[in-house]
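Residues per chain, in single letters:
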Amino acid sequence: MSEQKKSSNPKTESQKPRIGVYICRCGGNISDVVNTDALAGKVKQLGDVAACRVETFMCSDPGQATIVEDIQKQNLNRVVVASCSPFLHELTFRTVVQRGGLNPFLYEHVNIREQDSWAHKHDPVGATSKALRMINAAVGKLHHAEPLERIRMGNHRQTLVVGGGIAGLKTAAELAGKGVPVILVEQSSSLGGRVALLARTFPREDEGSVLAKKLIAQVTDHPLVRIFTRARIERVSGFIGNFDVKIAFEPKPDASASSDPQGAGHSANAAEVYASVGTIIVATGADPYKPARGEYGFGEQPAVVSLADFLRQLATLPNGNFIWNGKRVRNVGFLHCVGSRQVEGVNPPQADGKINDYCSRYCCTAILQQALTLKMRFPDVNVFDFYQDIRTYGGHEDYYTKSSAAGVVFLRYHAEEPPVVEPGENGSALKVRVKDYLTFGEEVEVPLDLLVLGVGLVAHDIPELIDLLKLPVGADRFLQEVHPKLRPVETAVNGVLLAGTAQAPMNIEETLSAAGAAAVKAAIPLSRDAVELDPFVAEVNAEKCNGCERCLTECAYTGALFKETVQVDGESAVKARVNPGLCFGCGACVAVCPTRAIDLKGWTLDQFDAMIDGLVEAVPVEG
Amino acid sequence: MSSGNGAAMRETENHFDVVVVGGGIAGLQSALDLADQDYRVLVVEKQPSIGGRMISLSKVFPTLDCASCITTPKMSAAAHHSNITLMTYTTVDAIEPAGDNHRLTLTQMARYVDTSACIGCRQCEYVCPVEYPDPFEQGMGALRAISVPFANAIPQYAVLNPEYCIGCGACVRACASDAIRLDQQPKTLTVEAGAVVLATGFHLNSTSLKPQYNASRSKDIVSPLQVERLLAPHGPYGRVLRPSDGKIPDSVAFVLCAGSRDQSIGVPYCSRVCCMYSIKQAMLLSGALPTADITIYYMDIRAFGKGFEQFYQNAKAMGISFVKGKVARITPQPNGDLMARVEAIEEDGRVMENRHDLVVLAQGIVPELVSPERLGAAKEEDGFIRRPDPLRPAWTGREGIFVAGTAAGPKDIVDSIMEAGSAAMEASHYLTQKRATADANAPSLELEVIGAASE
Ligand SMILES: Cc1cc2nc3c(=O)[nH]c(=O)nc-3n(C[C@H](O)[C@H](O)[C@H](O)COP(=O)(O)OP(=O)(O)OC[C@H]3O[C@@H](n4cnc5c(N)ncnc54)[C@H](O)[C@@H]3O)c2cc1C
Ligand code: SF4
Ligand code: SF4
């Protein structure tokens, strides 16, 4: 299935190296520490360096244009840029080099910012000489560089979406609308996730179940969408364009489940499903924080409820007096940041030993929406709101303004001194003791009939999926994107994308936007017949391979290395071979090969030798 | 140096799959996400360079990446993309339906420079004798009457500002490419598009909206965009100085919600990013001015995004002081000091008079586009572009017209980029549906279902 393109490059490695070295000041990020001019002076003296320039922003258009122009006018055939992390700009400069007419892999990126100027702020001389050594190593490596071609592989132009909440449904609806077939896998027996359970959603007061139903309708009848409920991903292998997936099903609880109106019937007949997909979207959502027993009285005092339960019940109550569990309620409290914005040493740690130090984003608005609804429906109920900061950002501020006007009483506590909930006296169910910083930090006692805990969001527990897809997880237990601005919905695994609250707390609108962004990133690679992969994979020199199979034992990636029987001089011999699509280029095989028969393209042993020589031999720059 | 000025618009080319209005971070991201799916995209930008607000920022919260380092590659990727055409210094004045397409009326302003000849060598700039306050540097540096707008601008063409040009002709003589056209006139063009993405962005409301802050009476009562430039490594002074007298400030105050959350100034909403950019600026200032006292006066700290709360806690740990209080008045003193009268809510409601030598007003975010109706959309009460369908947050409610970024309401860069992707997805979905015909190559789902479960 691999289809290697022949090099079509006019400027080849056979010519004597003419290397251009470009040093970036990064607007001072680098040049405030590294003496870039002195550095350039030294670099010019290195062997085969034909041009060396310093620019304020190498990545800017004028900076890029300089490289292109030099390649063409000065016949450069290899390029080094010494700037920021390759993570940010290696690809940028490979493209520039290609625009200049060179093979994009005759390029080396040197990180003199994160690895040098930022690390050695207080040692400019040392940093300058380190930069020189690093550049010298790159120049040495380039001496042994060969033009490489990206690996082209077939592409299964369909997507797997994991999770049938609004994020998953939205990605499926958009992709199918754009003509991309989608397989949607939901672990529970119904679609719609949490939103389907919400009575009212902010900011437009739409009914959650109505929103969910509309999205469900868009996908259930779509010919390009296939939905499997009570299903889970059992196996995944492969890489972008070529993920092979096995879907398995939970045993059916009882026969009536198939009559579930929300599409469970789709999985009624399947035992296992196999599919090949090009991209995978993880939309597994988040869960409301579940307070520990006794946390603010939860689970011990019946008058302490979580926000999720409160809003479900409030919607069903008749107007008139506010009756909760058979009792007339006059004083209601809302407590913000339950399970969020926790402080080390104040809040007990979670099961994994860590606290939830993040803000859950949706809850301030959700709380004030409920407080306001309560005030509007039951004007004589007194509402007390215990908060740290009211985070009704953007237009949600309206809920804050209106709640204040409606007479909600706000009390501000500090994270270090969370309110204390105790059994009430004189007929009220509870009393909350809190130091209120809006009234000069005095401790006040507020008698309540009902306390609503404004619970945050926590990452949904998906250890198997994290393991199967090798998903990166952040310190907050949410799934981690590559870079919040450069690649906000992509994971470190090429072709695996994040949508919605699996990544971070978000409200409905934000979740839908994130889902759209994930859908587009899933659609882009599927708009072509083939996917292109980086060429940095292992390659076996069959002549040197003695068939010892040590590499096969060492390789951690199924299918990346395999053995093959070939005829050598009329006799059959076993040789190792690489499947470039499955090889991760980790180099484990290279290390164990006794005959130096395996090399990583772009990172050969000769190149490593040259880099080490380059690092040790450079002369330090003075001053 | 002329590479990177984008695919030049061929005179005959007047139909695009999508036109993106606005070349800020949201517009560029939408354009890239569409062009990568092989749609032909035109980006129309009012300013002489693409990049929007983000290209003028210093570092960005919550990761403190340098803003240029994130923006320039996107600008450059758009400029070099074979499916993207850029038109800068051009406004979209009207969008009307044309069959099942849209007809856009554009005005290309006069640059007084022939972009097919200009190579961005800046010889004109070096000889021009007139300087005026540099808009990119928020008026703090100086720009020649003819110049390339800023160092990493895209495209790198010179622009002449007729307000300041004295007509001496020095630039005309210096230009080796014979590119300067003092008689150039604005041009009106029309293009057609299958779909439109509005990404027209925001601006900040005025520092003088609140007379009690006396911004007009002191140069040291500054806008946060000025602070971004002061903090930028390649900014106007190369370091942080106060604008009035060049003194290194030793006490800096930030007044949050200075142009938001106030019905009386017509901005009842919260501007969403000012808490965070103020915290960011405070952190960067404390790095640049290690001995300075930095105070943030706030009502609520709205650190709600991914990593924001942790960022806020780091700022507190760095020693930045957060004072919950209303700033009633700022009074410039004859010696240049600024006295802030503050009701400190958490300190018994005591009224304090605090001395600072630089005060930053966190202004509100208001829409750049005043009449979305003319561009085929409608506006909400708050002035931002309306999105009537809760399930399609990138859709304006008008056939084929989408919206991304701050044009739809205040938001940070990450959220703008997310929406931009979402708008690109909606637009490509829309275009696919529009073209859908009985296609023999129509995609179909491929999978293998094995066995029958308990039925
Ligand atoms: C002081 C300050 C600091 C900030 N710091 C951060 C930070 O650290 N991190 C962060 O995440 N966010 C930050 N932000 C927010 C960030 O700037 C915005 O989220 C982002 O720039 C929005 O991008 P945009 O593309 O929506 O709008 P813009 O950047 O405003 O782009 C819109 C573009 O459209 C053009 N345009 C408008 N109308 C027309 C028309 N009719 N025809 C053609 N073109 C038109 C405009 O000229 C402009 O170039 C900060 C904001 C401010 C004010
Ligand atoms: S949104 Fe409000 S209630 Fe929720 S964690 Fe953040 S500050 Fe606390
Ligand atoms: S983000 Fe912060 S400073 Fe800006 S308006 Fe909202 S609360 Fe005020």
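Residues numbered from 1 in each chain as written. Chains lettered and ligands numbered in written order. Predicted model: local features only at pLDDT ≥ 70, side-chain atom pairs only at ≥ 80, totals over all residues. Heavy atoms only, no water.

**Describing the overall build of chain B**
Going by this rule: By definition, any uninterrupted DSSP run of H or I lasting at least four residues is a helix, any uninterrupted run of E lasting at least two residues is a strand, and each is numbered from the N terminus. Our radius of gyration looks at C-alpha atoms and nothing else; its globule reference is 2.2 Å times the residue count to the power 0.38. Relative accessibility thresholds used throughout: buried, under 20% of the residue-type maximum; exposed, over 50%; partly exposed, between the two (1.4 Å probe, protein chains only). Residues count as neighbours in contact if any of their non-hydrogen atoms are within 4.5 Å of one another.
Broken down by element type, chain B carries eight helices and 23 strands. Over its C-alpha trace chain B gives a radius of gyration of 24 Å, about what one expects of a compact globule, namely 23 Å for 455 residues. For the C-alpha atoms alone, the extent of chain B along its principal axes is close to 85 × 75 × 40 Å. Expressed as a percentage of its 455 residues, the buried residues of chain B come to 61%. Looking at chain B alone, contacts between residues at least 24 apart form 68% of all its contacts between residues at least 6 apart.

**Remarks on the overall build of chain A**
Note the cut-off: To measure how exposed things are, a 1.4 Å probe is used in the Shrake-Rupley method; for residues, cover is taken only from the protein chains shown. The charged-residue count follows a simple rule in which Lys and Arg add positive charge and Asp and Glu add negative charge, with His and chain termini not counted at all. Lysine's charge is taken at NZ, arginine's at CZ, aspartate's at CG and glutamate's at CD.
Scanning chain A from terminus to terminus reveals 15 helices and 30 strands. The C-alpha extent of chain A, read off along each of the three principal axes, is 95 × 65 × 40 Å. Partitioning the intrachain contacts of chain A with sequence separation of at least 6 by distance along the chain shows that 70% fall at a separation of at least 24. Entry remark: accessible area of chain A is about 25100 Å², with carbon and sulfur atoms responsible for 51%. Averaging the positions of the 64 positive and the 73 negative side-chain charges in chain A gives two centres separated by 3 Å.

**What about the sheet that holds strand β20 (residues 358-361) of chain B?**
Residue and element names in this part refer to chain B. Selection criterion: Between any two strands, pairing holds if DSSP finds at least two bridges. In this analysis, axes come from line fits to C-alpha atoms, helices being fitted only over the stretch in contact, and the angle between any two N-to-C directions falls in the range 0 to 180 degrees.
Across the sheet, seven strands lie side by side as β14-β20-β15-β16-β17-β18-β19; this open sheet has mixed pairing. Here the strands that pair on one side only, and so sit at the sheet edges, are β14 (221-222) and β19 (350-356). Against the sheet, helix α6 (residues 274-288) contacts β15 (251-255), β16 (293-298), β17 (321-332) and β20, and its axis sits at roughly 170 degrees relative to β16.

**Digging into the interface of chain A and chain B**
For clarity, the cut-off: Accessible area, probed at 1.4 Å, shrinks when two parts are joined; the buried area is that loss added up over both. The term salt bridge refers to a pairing of a side-chain nitrogen on Lys or Arg with a carboxyl oxygen on Asp or Glu at a separation within 4 Å.
Listed by partner, the interface residues are 93 residues for chain A and 87 residues for chain B. Interface of chain A and chain B: buried area, both sides summed, is about 7500 Å²; carbon and sulfur atoms make up 56% of it. Considering only the side of chain A, the residues that lose the most area to chain B are Asp-61, Lys-178 and Lys-485 of chain A, jointly responsible for 10% of the buried surface there. Counting across the interface, chain A meets chain B through twelve salt bridges. Among the salt bridges present, the one from Arg-261 of chain B reaches Glu-397 of chain A, with a minimum N-O distance of 2.7 Å. The element that contributes the greatest number of residues to the side of chain A that touches chain B is helix α12 (residues 508-526) of chain A, accounting for twelve residues.

**Considerations on the side chain of Lys-485 of chain A**
Rules: Pairs of N or O atoms within 3.5 Å make up the polar contacts considered here, provided that, within protein, one atom can donate a hydrogen while the other can accept it, and that residues adjacent in sequence are counted only when both atoms are side-chain atoms.
Within the secondary structure layout, Lys-485 of chain A lies in the loop between α11 (463-469) and β25 (496-498). One buried charged side chain, Lys-485 of chain A, makes no salt bridge at all; its nearest oppositely charged neighbour is Asp-65 of chain B, positioned 4.9 Å away. Polar contacts involving the side chain of Lys-485 of chain A include one to the main-chain carbonyl oxygen of Phe-61 of chain B, which spans 2.9 Å. Not counting chain neighbours up to four residues away, the residues in contact with Lys-485 of chain A comprise Met-54, Val-60, Phe-61, Pro-62, Thr-63, Ile-70, Lys-74, Ile-413, Val-414 and Ile-417 of chain B.

**A closer look at the state of the cysteines**
Residue and element names in this part refer to chain B. Going by this rule: Defined by distance alone, a disulfide is two cysteine sulfur atoms within 2.5 Å.
Applying the stated criterion to the full structure yields one disulfide over all chains. Between Cys-66 and Cys-69 runs a disulfide, and the two sulfur atoms are separated by 2.2 Å. Between Cys-66 and Cys-69 the disulfide shows an S-S torsion of about 85 degrees. By sign, it is right-handed. The exposure class of Cys-66 is buried, given its relative accessible area of 5%. Owing to a relative accessible area of 3%, Cys-69 belongs among the buried residues under this scheme.

**Looking at unusual backbone geometry**
Backbone phi values are negative for most residues with the exception of glycine, while trans is the configuration of most peptide bonds. Looking along the chain, the bond that leaves Phe-202 of chain A and enters Pro-203 of chain A is cis, with omega of 5 degrees. Among the secondary structure elements, Pro-203 of chain A is positioned in the loop between β7 (182-185) and α7 (208-220). With an omega of -10 degrees, the peptide bond running from Phe-61 of chain B to Pro-62 of chain B counts as cis. Along the chain, Pro-62 of chain B falls in the loop between β3 (59-60) and β4 (65-66). Unlike most non-glycine residues, Asn-75 of chain A shows phi in positive territory, near 55 degrees. Phi is positive for Arg-122 of chain B, which is not a glycine, with a value near 70 degrees. Relative to the helices and strands, Arg-122 of chain B is located in the loop between β7 (101-108) and α3 (123-127).

**Examining the nonpolar core**
Just so we agree on the cut-off: Among the buried residues, those of types Ala, Val, Leu, Ile, Met, Phe, Trp, Tyr and Cys that are joined through side-chain atoms within 4.5 Å form a nonpolar core.
Leu-175 and Ile-281 of chain A together with Leu-34, Val-41, Ile-84, Val-197 and Phe-402 of chain B are the most contacted members of the largest nonpolar core, which has 77 residues in total. No other element matches the eleven residues that α12 of chain A contributes to this core. Ignoring anything within four residues of it in the chain, the contact list for Leu-34 of chain B reads Val-18, Tyr-39, Val-41, Val-197, Ala-424, Ala-427 and Ser-428 of chain B. Counting residues in hydrophobic clusters, the runner-up holds 58 residues, among them Ala-303, Tyr-358, Val-383 and Leu-451 of chain A.

**Some points on the domain arrangement of chain B**
All names here are of chain B. The cut-off we apply is this: Boundaries between domains were set according to an automatic or database domain assignment.
Here the domain parsing of chain B yields domain 1 (15-109 + 186-201 + 368-438) and domain 2 (205-364). Using only C-alpha atoms to locate each centre, domain 1 and domain 2 end up separated by 32 Å. Facing the 17 residues of domain 1 at the interface are 19 residues of domain 2. Carbon and sulfur atoms supply 69% of the area that domain 1 and domain 2 bury against each other, a total of about 1500 Å² over both sides. For the interface between domain 1 and domain 2, the tally reads one salt bridge.

**Structural notes on the pattern of salt bridges**
Here the structure, examined in full by the defined rule, presents 67 salt bridges over all chains. A salt bridge links Glu-443 of chain A to Arg-433 of chain A; the shortest N-O distance between them is 3.4 Å. Of this pair, Glu-443 of chain A sits in strand β22 (residues 442-448) while Arg-433 of chain A is found in strand β21 (residues 430-436), placing the two residues ten residues apart along the sequence. On the accessibility criterion, Arg-433 of chain A (25% relative accessible area) is partly exposed. The residue Lys-563 of chain A makes a salt bridge to Glu-549 of chain A at a minimum N-O spacing of 3.2 Å. Taken as a pair, Lys-563 of chain A in strand β28 (residues 561-568) and Glu-549 of chain A in the loop between β27 (538-540) and α13 (550-554) lie far apart in primary sequence, 14 residues in all. Its relative accessible area of 29% is what places Glu-549 of chain A among the partly exposed residues. Through salt bridges with shared partners, a single network forms among Arg-341, Asp-389, Arg-391 and Arg-412 of chain A together with Glu-309 and Glu-346 of chain B.

**Description of the packing of helix α9 (residues 363-377) of chain A against helix α10 (residues 397-405) of chain A**
Residues and elements named next belong to chain A. The criterion, for reference: By convention the crossing between two helices is left-handed if the near helix lies anticlockwise of the far one by an angle smaller than a right angle, and right-handed if it lies clockwise. For this classification, Asp, Glu, Lys and Arg are treated as charged, while Ala, Val, Leu, Ile, Met, Phe, Trp, Tyr, Cys and Pro are nonpolar and the rest, including Gly, are polar.
The contact between α9 and α10 brings their axes to 9 Å, and the two run at 35 degrees. Once α9 is placed against α10, the crossing between them reads as left-handed. Contacts between α9 and α10 involve Thr-365, Leu-368, Gln-369 and Leu-372 on the former and, on the latter, Tyr-399, Tyr-400, Lys-402 and Ser-403. Within the contact of α9 with α10, the residues separate by chemical class into four nonpolar, three polar and one charged.

**Observations regarding the environment of Arg-204 of chain A**
Structurally, Arg-204 of chain A is set in the loop between β7 and α7. Overall, Arg-204 of chain A belongs to the partly exposed group, its relative accessible area being 32%. Excluding anything up to four places from it in sequence, Arg-204 of chain A contacts Glu-509 of chain A together with Arg-387, Pro-388 and Pro-390 of chain B. Polar side-chain contacts of Arg-204 of chain A include one of 2.7 Å to the backbone oxygen of Arg-387 of chain B.

**Comments concerning the site of ligand 3**
Formally: Proximity is defined per residue: if any heavy atom of the residue lies within 4 Å of a molecule or strand, that residue is considered near it.
Around ligand 3 lies a shell formed by Leu-256, Cys-257, Ser-260, Arg-261, Cys-270, Ser-271, Arg-272, Val-273, Cys-274, Cys-275, Asp-300 and Arg-302 of chain B. Residue composition of the shell around ligand 3, by class: six nonpolar, two polar and four charged.

**Structural notes on the sheet that holds strand β23 (residues 450-455) of chain A**
Residues and elements named next belong to chain A. Taken in spatial order, the five strands line up as β14-β23-β17-β18-β19 in an open sheet, and their pairing is parallel. Edge positions in the open sheet fall to β14 (304-306) and β19 (409-412), since each of these has one partner strand only. Averaged over all neighbouring strand pairs, the angle between strand axes comes to 25 degrees, with direction disregarded. By the bridge criterion, five bridges tie strand β17 (residues 331-338) to β23 in an arrangement that is parallel. Bridge assignment links Val-338 to a residue of β23, and that residue is Val-455. Relative to β17, α9 is tilted by about 175 degrees, and along the sheet it contacts β17, β18 (382-387), β19 and β23.

**Examining the site of ligand 1**
Lining the immediate surroundings of ligand 1 are 38 residues, of which Glu-45, Arg-53, Lys-280, Thr-406 and Lys-411 of chain B lie closest. The site occupied by ligand 1 is bordered by residues of chains A and B. Interatomic distance of 3.2 Å between a backbone N/O atom of Val-92 of chain B and a nitrogen atom of ligand 1. Between an oxygen atom of ligand 1 and a side-chain N or O atom of Thr-406 of chain B, the distance comes to 2.7 Å. Coverage of ligand 1 by the protein chains reaches 97% of its 1000 Å² of free accessible surface.

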